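Here is how the chains run, residue by residue.
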Amino acid sequence: MAGGAHIETGGRHYEGEVTAFVLITCFVAAMGGLLFGYDLGITGGVTSMEPFLVKFFPTVYKQMLDDSSTNQYCKFDNQLLTLFTSSLYLAALIASFFAATTTRLFGRKPSMFLGGLFFLIGALLNGFAINVEMLIIGRIFLGFGVGYYNQSVPIYLSEMAPAKIRGALNIGFQMMITLGILGANLINYATSRHKNGWRVSLGLGAVPAILLCVGSLCLEETPNSLIERGQHVKAKTMLQKVRGTNNVDEEYQDLVDASEAASKVENPWKNITRRRYRPQLTFCSLIPFFQQLTGINVIMFYAPVLFTILGFGNDASLMSAVITGGVNVLATFVSVFCVDKFGRRILFLEGGIQMLVCQIVVGVMIGLKFGLNGQGSFNKGEADILLVFICLYVAAFAWSWGPLGWLVPSEICSLEIRAAGQAINVAVNMFFTFGIGQIFLSLLCHLKFGLFFFFGAWVLVMTIFIAFLLPETKNVPVEEMNYVWKSHWFWNKYIPDDAVPPAYNSSKAAP
Ligand code: BGC
């Protein structure tokens, strides 16, 4: 069978329970998701608010008014406007590399605190902006915040969480991203009627940032980070506190061993390029790339703009963004309940097919109405059908590539390549989030309705890729992932025999 494999491993189980302490860490992680999601959701609404455009992007506004009877596809195509949207992600990409060093040398807490602080400065600069420069500098600060936070929190979480709830915690992070997006859409909806509403929308990002700064100061450092920085006694006490038991010797010893092994690796970046890590390198690079090539952020950033273009009124456009934001949250629950039961592959495959069908329907509908010259509009009934298909597309993403795009890369890497794998995942994700944000409006202007077929074609490619190359990782302990690769038809040749116990190899050799 192409991708699936039945894996038998002898998993380890450490003693311990889900303590209140661990739940507090979930809460802080959740706030990181809120920050990221708030950013993703707030911009599209703000850039469709008239007073905002008039103040900062008068040429775009003028272009919009002048163009009202001509080509709808190119109305908003303005490089400065897209730079405003996407500058944040470029800043986040750069910051994630600095964050990797801060996290390693000084611990996870300082990175989280810095993330919150950068975000706070960014939100204030944006809320009080008097010119475009202030806006863009503010967004760069927001980006630093997102980069620092997205880099340190998943590591903090996976180090604090007991293995049995690691998957759920991971999707909890995505859940908070979607709540952040929905919250932002609702705030935009409320503020859009007011002259200075955009200031409120942008400035309110300061609230979760303050909570985050305070929250990170109250948290404790992870045992792994304490061991990494030579504080062994404190690390053991911390592990006992986190797990709620004194019997942590086995886990503690494994952490010390893993830390020693990881410290022997001279260059983690070079290490992950070794042949035996080819599957991890491939998935840590391609999963975030494909996640962005689903085209989801066209909806997340530009839903209000897109709906305005398609002839929904200003209010209706923001309302539609609220609807798609709500669907995004609800559908994420589906993956929380299904991911450990039915597995990752089935969600990826079903989600891919559903997204493809929706993209074809939306592309055809827009093509039939607006043709090549971009002139036309939808009547109420047609607009509703279009909205339904856009919601079905968002739902499919929300239970497949959304959460799995963060979960799978984080669960396939062993300790010695985890930091590098995670950094690659974040950086590739941010780079393509930036790229799509930057080129979407001009792609729409040039590819017209074909844009939906463009993303559809990518969805087809990634679905085939998953079908053939991604093995099922459900319920496989992270440290036993080598069995998965070793029994996969394609990846097995990359995994040396010494990566799994000899008994496993001889049982495979038997007919
Ligand atoms: C993606 C974001 C996207 C969001 C939508 C995340 O997993 O990384 O780019 O906007 O999901 O919910």
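Because the structure is a prediction, the values reported are computed rather than measured.

S.K.: How should I be thinking about the packing of helix α5 (residues 108-127) against helix α9 (residues 206-218) in this particular structure?
M.R.: In helix packing, the relevant descriptors are the interaxial angle and the interaxial distance, both defined with respect to the helix axes. Axis separation between α5 and α9 bottoms out at 8 Å; the angle between their running directions is 160 degrees. On the basis of their axis angle, the class for α5 and α9 is roughly antiparallel. For the crossing formed where α5 meets α9, the hand is left-handed. Mapping the contact onto sequence places Lys109, Met112, Phe113, Gly116, Leu117, Phe119, Leu120, Ala123 and Leu124 in α5 and Ala206, Ala209, Ile210, Leu212, Cys213, Ser216 and Leu217 in α9. Across the contact of α5 with α9, the residue classes break down as 13 nonpolar, 2 polar and 1 charged.

S.K.: Explain the site of the ligand here, please?
M.R.: Taken together, 13 residues lie around the ligand, and Gln174, Gln291, Gln292, Asn297 and Asn328 are the ones closest in. Here the ligand, which alone exposes 310 Å², has 100% of that area covered by the protein. According to the grid-proximity analysis, the pocket containing the ligand is the largest cavity. Mapped by element, the contributors of at least two residues to the shell around the ligand are α7 (166-191), α14 (278-293), α15 (296-309) and α19 (401-411).

S.K.: Mind showing me how you'd approach helix α12 (residues 249-264) here?
M.R.: Since the α-helix advances by 3.6 residues per turn, residues separated by three or four positions end up pointing in the same direction. Taking 1.5 Å of rise per residue, the 16 residues of α12 would be expected to cover 22 Å, and the 23 Å separating its terminal C-alpha atoms lies within 8% of that figure. Three or more residues of α12 are buried, namely Glu251, Tyr252, Asp254, Leu255, Val256 and Ser259. On its buried face, α12 sits against α10 (223-228), α11 (232-243) and α20 (415-447).

S.K.: What is the right way to read the side chain of Gln292 from this model?
M.R.: Inspection of the secondary structure assignment puts Gln292 in helix α14. Among the polar contacts made by the side chain of Gln292, one reaches the side chain of Gln291 at a distance of 3.0 Å. Contacts of Gln292, omitting those with residues within four sequence positions, involve Asn297, Asn429, Phe432, Thr433 and Ile436.

S.K.: Help me understand the environment of Leu40, please; the structure alone is not making it clear to me.
M.R.: Counting through the fold element by element, Leu40 comes out in helix α1 (residues 20-46). Leu40 gets classed as buried once you look at its relative accessible area, which sits at 5%. Linking Leu40 and Asn482, residues 442 residues apart in sequence, is a C-alpha distance of 36 Å. Excluding residues that lie within four positions of it along the chain, Leu40 makes contacts with Tyr89, Ile177, Ile181, Asn297, Met300 and Phe301.

Calculation notes
Residues numbered from 1 in each chain as written. Predicted model: local features only at pLDDT ≥ 70, side-chain atom pairs only at ≥ 80, totals over all residues. Heavy atoms only, no water. Axes fitted to C-alpha atoms, helices over the stretch in contact; angles between N-to-C directions. Helix = DSSP H or I, 4+ residues; strand = E, 2+ residues; numbered from the N terminus. Parallel < 35°, antiparallel > 145°, perpendicular 65-115°, else oblique. Left-handed = near helix turned anticlockwise from the far one by under 90°. Contact = heavy atoms within 4.5 Å. Nonpolar A, V, L, I, M, F, W, Y, C, P; charged D, E, K, R; others polar. Near = heavy atom within 4 Å. Areas by Shrake-Rupley, 256 points an atom, 1.4 Å probe, with all protein chains shown as cover. 1 Å grid on protein atoms, 1.4 Å probe; cavity = no way out; pocket = protein on both sides within 12 Å on 5 of 7 lines; lining within 4 Å. Sits in = over half its atoms within 2 Å of the grid points. Expected span 1.5 Å × (residues − 1). Buried < 20%, exposed > 50% of the residue type's maximum accessible area, 1.4 Å probe, protein only. Polar contact = N/O pair within 3.5 Å; in protein donor to acceptor, adjacent residues only side chain to side chain.

That is the geometry; function is a separate question.
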